[in-house]
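Secondary and tertiary structure notes
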Amino acid sequence: MTDNSANIIKFPEDFLWGVSASHFQIEGYPTEVERRLSDWSRWTEEEGRILDGSNADRACEFHKRYLDDIELIGELNLKAYRTSLNWAALMPEGPGTVSRERQFAPGVVEYYRDLFSRLKERGIKVFVTLFHFCLPDWLAEEGGWTSPRVADEFETFADLARQHFGDLVDYWMTVNEPMAYIYQGYVAGNWPPGASQDYLGAFVAIRSMLTAHARAYHALKGGEDAVQVSFANHWRPFAPERKWSPLDLMVTHYRERVFNHIFPESIDEGALNIPAPLSGRKEFRALEGEIPGLKKSMDFLAVNYYTRELSRFDLSWPPDLFGTRSKRADYPVNGLGWEAYPEGFYRVLTSDINPYLIDSKGHNRPVFVTENGFATLFSPDLSAGDWSISDRERCDYLISHLVVLKKAIEAGVNIKGYLHWSLTDNFEWSEGLTPRFGLVRVSYEDQARKLRESAELYSKIAAANALETIDR
Ligand code: IFM
C-alpha cells in the first residue's frame, strides 16, 4: 500500500528566495561585443572554442530587456537577484603609460544604477559579483591573473564599484568560483587563457586572486563594518570511483583540499598553504605565506552547489594533479552528465563548510546558497529535442535540494537564502547556448521568454515560503 500523505516544509520567516546570473552569460552588452572588450568575447570568436559553435553576442539581450526580466522576477515572488559587473565595459581601457585618474565608462554606470535601483524599488535584495570569469582584454593581454598588476587593477575596480553602486548593493562577492575558473583556464585549457596543465601558472593565479580578493574586500567595505563582502565558492564533494583503491582515495583527497578548500581555508587563515607534493618544489613554496589583509575577509558564506564528482587516478603524463574526473555516474544525470545528488548538498552545508562557519568575532557567518540548478539540453536554433515547458527533472532536482537545505537549517546551519541558477536560459561558457539552466525558457531567435513548470513551482514555494512534498 502506498502512503500519499503531504508534508509541508516551512522555511524560516526571513528566508530569501532569489535567482542568480552573471553579466556575460545574459547581457549581450553592445560595446563589449562591437569592440571585443573582454577575453571571453574574443575567445568565442576563435574556431572550436565553443562546443555548439554559438557565442554570447546576444545571449538573452538582458541589457535591452532587463525591465521585462525584472517584471518576471517580481511575478515569481522572488526577493533576491544576483549578477556580476561587466568589468571590461566599465573599464574598457587600461591605465596606459600616462598616470591619470581611473574612471568607469559613462553609460555603463547608468545602466547598472538603473538595474539595481529598480530591483530595490521592488524590495529585491541585490547581490553583486565583481569577477565572474571575464577580464578586460587589455588586462588579459598583460597576463590576466598571472600579471603582477592584477591585484592593483582589481582594487581600483572594487573601489570605483563601491563609489558608484555601494548605496544600491546589499551583498558583494569579489570573485566567483575561483577554483572552477583556474581549473578550466590553467589545467583543462577550456577557458581563457587556455593554458593546459600549467600547475605553476594555476598557483600563481591562485595567489594573485587571494591578494586581489583581500584588497577588494577592504576597498568595497570602505571602512564600514556593516558592508557585507565575501566570495562565492563552488563546492563539489568528491568521492573515489573505486572505494577500495588507495590511488583513487588519494586523488579524491587531493581534489577535496585543492578545489574545495584552498580558498576558504587561505582566507580564514590569512595565508596560502600549498599541499604536498607540490609544496616540495621551491617555485611553489615561494608562493606560500601570509597575504596582507586576507585573514577573515569573508563576512558570509556564498555556496554554489550542483553535483558531486567521482574521481579516479589516471596514469598519464604529466599527471593531472587536480585529479581526473570519472566518466561513471551512480545517480540520474543532467544534460551535462552531472549527477543529481542532494546528499552531496547536505554534506556541503553541514560538514564541508563547517570549518568556516564562525567569523572573526565568534559569530555564526550567514550562509547563502548563491547557485544551484539543473541543465537540460536544447540547441540554440531549436532544431531538435524536447522544447516543451514541462521540466519534471528540474522540478525534482529543486525539490530534493530544498528538502535537504531545510534539514541543514534544522541541523543548526545559519542559511539565510537560496538563489537558483538561473532565471533564464543563458550562455554556458565553453558549452555554448545549448545547456539550458533556466526556470524561464529563452528562444534565442526572437528572445521570447516562457515560464517552465519549474518557474511556476519555484514561484509557489517562494510565495508560501514553504514546500509541499508527498511521501509515496
Ligand atoms: O553557468 C555557471 C556559472 O557561471 C558558474 N557556476 C556554475 C554555472 C553552471 O555551470
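Being a predicted model, the structure only gives us computed values, none of them experimental.

Cut-offs applied
Residues numbered from 1 in each chain as written. Predicted model: local features only at pLDDT ≥ 70, side-chain atom pairs only at ≥ 80, totals over all residues. Heavy atoms only, no water. Near = heavy atom within 4 Å. Polar contact = N/O pair within 3.5 Å; in protein donor to acceptor, adjacent residues only side chain to side chain. Nonpolar A, V, L, I, M, F, W, Y, C, P; charged D, E, K, R; others polar. Core = buried A, V, L, I, M, F, W, Y, C linked by side-chain atoms within 4.5 Å. Buried < 20%, exposed > 50% of the residue type's maximum accessible area, 1.4 Å probe, protein only. Helix = DSSP H or I, 4+ residues; strand = E, 2+ residues; numbered from the N terminus. Contact = heavy atoms within 4.5 Å. Axes fitted to C-alpha atoms, helices over the stretch in contact; angles between N-to-C directions. Parallel < 35°, antiparallel > 145°, perpendicular 65-115°, else oblique. Left-handed = near helix turned anticlockwise from the far one by under 90°. Phe/Tyr/Trp six-rings, centres within 6.5 Å; stacked < 30°, edge-to-face > 60°. Lys NZ or Arg CZ within 6 Å of the ring centre and 35° of its normal.

**Quick word on the site of the ligand**
Neighbouring the ligand are Q25, H132, F133, N176, E177, Y306, W338, E371, W421, E428, W429 and F437. At 2.8 Å, a side-chain N or O of Q25 approaches an oxygen atom of the ligand. With respect to the ligand, the side chain of W429 contributes an N or O atom lying 2.9 Å from an oxygen atom. The residue inventory of the shell around the ligand, partitioned by class, reads 6 nonpolar, 3 polar and 3 charged.

**Re the nonpolar core**
One finds L85, F116, W145 and F165 to be the most contacted residues of the largest nonpolar core, which totals 145 residues. Considering every element that reaches this core, the biggest residue donor is helix 10 (residues 199–221), with 13 residues. If we ignore the near neighbours within four places in the chain, the residues touching L85 are H23, L90, Y112, F116, V128, T129, L130, F157, A161, F165 and W172.

**Looking at unusual backbone geometry**
Each neighbour pair has its own omega, and for P192 with P193 the value is 5°, a cis peptide bond. Topologically, P193 is positioned in the loop between helix 9 (178–188) and helix 10. In this structure, E177 is a non-glycine residue whose phi angle is positive, near 45°. Position of E177 relative to the elements: it lies in the loop between strand 5 (171–176) and helix 9. Exposure remark for E177: the relative accessible area of 6% places this residue in the buried category. Residue K296 is not a glycine yet carries a positive backbone phi of 65°. Within the element layout of this structure, K296 appears in the loop between strand 9 (289–290) and strand 10 (301–305). Exposure remark for K296: the relative accessible area of 26% places this residue in the partly exposed category.

**So, the environment of N233**
With respect to the element layout, N233 can be found in strand 6 (residues 228–235). Along the primary structure N233 and F259 are separated by 26 residues, whereas in three dimensions their C-alpha atoms are 9.3 Å apart. Residues within four places of N233 in sequence aside, it is in contact with N260, F263, P264, A302, V303 and N304. A polar atom in the side chain of N233 sits 2.9 Å from the backbone oxygen of N260.

**Some words on helix 9**
Counted residue by residue, helix 9 has 10 buried out of 11 residues, so it is predominantly covered. Of the positions making up helix 9, those classed as buried are P178, M179, A180, Y181, I182, Y183, Q184, G185, Y186 and V187. Buried positions along helix 9 lie against strand 4 (125–131), strand 5, helix 10, strand 6 and helix 11 (246–269).

**A look at the packing of helix 9 against helix 10**
As a packed pair, helix 9 and helix 10 sit with axes 9 Å apart at the nearest point and diverge in direction by 150°. Classified by the interaxial angle, the pair formed by helix 9 and helix 10 is roughly antiparallel. The interaxial crossing formed by helix 9 with helix 10 has right-handed handedness. Contact residues: P178, M179, Y181, I182, Y186 and V187 in helix 9; Y199, G201, A202, A205, I206 and M209 in helix 10. Looking at side-chain class alone, the contact of helix 9 with helix 10 contains 11 nonpolar, 1 polar and no charged residues.

**As for the packing of aromatic side chains**
Given two aromatic rings, their pairing is described by the distance between the two centres and the angle made by the two planes. For the structure shown, the criterion picks out 50 aromatic pairs. Between Y306 and W338, the aromatic rings sit 5.5 Å apart at their centres with planes inclined by 75°, giving edge-to-face as the arrangement. In this pair, Y306 sits in the loop between strand 10 and strand 11 (309–312) while W338 sits in the loop between strand 12 (324–325) and helix 13 (342–352), placing the two residues 32 residues apart along the sequence. Residue Y306 is classed as buried on the basis of its relative accessible area, which comes to 4%. Its guanidinium or amino end placed over the ring of W338, R236 lies 5.0 Å from that ring's centre, counting from NZ or CZ.

**Section: the side chain of D69**
Checked against the element boundaries, D69 lands in helix 4 (residues 62–75). Setting aside residues no more than four positions away along its own chain, D69 makes contact with F62, L423, T424 and R449.

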